[in-house]
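# Examining the three-dimensional arrangement
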Amino acid sequence: MTPIRLFSSRAVCLRQNAIDLRGFCSSASAFSHIGSAPVFIPDTVKLMLDVHNRDDDRDMTPLIVTGPKGKLQVNVPSFARLDLVDNGKKLEVKVADSQVKIQRQMWGTLRSLINNQVTGVSEGHVVILQFVGTGYRAELLPSGRQVSVKVGQTGTTLFDIPEGVTALNPQPTRLVLEGIDKQIVKQFAANIRALRPPEPYKGKGIFVNNETIKMKDKKVK
């Protein structure tokens, strides 16, 4: 593995031989405000570019993000350039040619993925599920790896907790999910929410974090 802190301003700047997909549009290319924002790196987080496990078929290089809560990986395309500035406290994400459509599209996405992984290994990601409705509840089974959910049905639905995700059940109507991988945590929460999404007439359902819905008047025959 090669420490990313050794990168110079010209490192990891491999141009991609791609076709300009802008077509005949004469308007100026949009600048990625998300991509241009730096990623703040805590002192407890280390970044390593694993050039030995580079995927030549996909033209990707793994970026290993390590922190007190664990280790995650982000695949970095060859057209990306990563620069550590401000004594390693900030990571700037750039692309080789912002005029190429695919690079411009991936710019902000790559920055967001890296930022999510840095937050995950340093602080973790938390999702809170609220069960609103008569008899709506969740129960964490004694094994600690399954959640039983009941939402107005005759029976209960069991969900296996994914690897790397922990669940807390402080109240029957409240379920707290935590993990370092934001995608896994959010997807598991979405799977539970899909069992009974919030409905706008009685306000019942499974709400994620501070989710709100606009109530509608009841249908009158």
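Given the structure is predicted, the values throughout are model-derived calculations rather than measurements.

## Some remarks on the sheet that holds strand β2 (residues 39–40)
Strand order across the open sheet formed by three strands is β2-β7-β6, with antiparallel pairing between neighbours. Two strands close off the open sheet at either side, each with one partner strand: β2 and β6 (80–85). Inspection of the sheet shows β2 paired to strand β7 (residues 90–95) by two bridges, in the antiparallel sense. Directly across from F40, in β7, lies its bridge partner K90. The strands touched by helix α2 (residues 101–122) within the sheet are β2, β6 and β7, with β7 carrying the most contacts at an inclination of about 160°.

## Describing the pairing of strand β11 (residues 157–160)
When strand β10 (residues 146–150) meets β11, the two strands line up antiparallel, connected through four bridges. Paired with V149 across the two strands is T157, which belongs to β11. Taking the residues between adjacent antiparallel strands as the criterion, β10 and β11 are bridged by six residues, where G152 takes a positive phi near 70°.

## Some words on the confidence of the model for the chain
Model confidence for the chain is summarised by a mean pLDDT of 85, while 85% of its residues fall at 70 or above. Low pLDDT (under 50) marks residues 5–28, which in the prediction has 35 contacts with non-local residues, meaning those over four places away or in another chain.

## A short note on the layout of surface pockets
The computed volume of the largest pocket comes to approximately 240 Å³. Lining the largest pocket are 14 residues, and of these Q73, V74, L113, Q117 and Q183 lie nearest its centre. Secondary structure elements with two or more residues in the lining of the largest pocket: β5 (70–77), α2 and α3 (182–193). With five residues, the top contributor of residues to the lining of the largest pocket is α2.

## Looking at α2
The end-to-end C-alpha distance of α2, which contains 22 residues, comes to 33 Å, matching closely the 32 Å that a straight helix rising 1.5 Å per residue would cover. Of all the bends in α2, the greatest measures close to 30° and is centred on W107. A positive phi of about 90° marks G124, the residue just after α2.

## Points about the environment of N210
Among the structural elements, N210 can be located in the segment after β14 (205–208). Take N210: its relative accessible area is 76%, and that puts it in the exposed class. In the structure, N210 is positioned 83 residues away from V127 in sequence and 9.7 Å away in space, judged by C-alpha atoms.

## Overview of the side chain of K150
By the element assignment, K150 lies in strand β10. Despite being buried, K150 has no salt bridge partner; E139 is the closest side chain of opposite charge, sitting 11 Å away. When neighbours within four sequence positions are excluded, K150 is seen to be in contact with G135, Y136, R137, G155 and T156.

## Side note on the nonpolar core
Ranked by internal contacts, the top residues of the largest apolar core, which has 23 residues, are L47, L63, I114 and V118. Elements with a contribution of two residues or more to this core: β3 (46–49), β4 (60–67), β5, β6, β7 and α2. With five residues, the top contributor of residues to this core is α2. I114 has contacts with V39, L63, V74, L82, L91 and V93, leaving out every residue within four places of it along the chain. Ranked by size, the runner-up nonpolar core spans 20 residues in total, among them V151, V165, A167 and L177.

## Regarding the sheet that holds strand β13 (residues 174–179)
The sheet built from four strands is open, its strands ordered β12-β13-β8-β14 with antiparallel pairing. The sheet terminates laterally at β12 (165–171) and β14, the two strands that pair on one side only. The mean inter-strand angle of the sheet, taken between neighbouring strand axes irrespective of direction, is 20°. In this structure, strand β8 (residues 125–132) lies alongside β14, joined through four bridges in antiparallel fashion. Residue pairing in the sheet places Q130 in a bridge with F207 of β14.

Reading the values: the criteria
Residues numbered from 1 in each chain as written. Predicted model: local features only at pLDDT ≥ 70, side-chain atom pairs only at ≥ 80, totals over all residues. Heavy atoms only, no water. Pairing = 2+ DSSP bridges. Helix = DSSP H or I, 4+ residues; strand = E, 2+ residues; numbered from the N terminus. Contact = heavy atoms within 4.5 Å. Axes fitted to C-alpha atoms, helices over the stretch in contact; angles between N-to-C directions. pLDDT = per-residue confidence, 0-100. 1 Å grid on protein atoms, 1.4 Å probe; cavity = no way out; pocket = protein on both sides within 12 Å on 5 of 7 lines; lining within 4 Å. Points joined across faces, edges and corners; volume = space filled by probe spheres on them. Expected span 1.5 Å × (residues − 1). Bend = angle between axes of the 7 residues up to and from the residue. Buried < 20%, exposed > 50% of the residue type's maximum accessible area, 1.4 Å probe, protein only. Lys, Arg positive; Asp, Glu negative; His and termini not counted. Salt bridge = Lys/Arg side-chain N within 4 Å of Asp/Glu carboxyl O. Core = buried A, V, L, I, M, F, W, Y, C linked by side-chain atoms within 4.5 Å.

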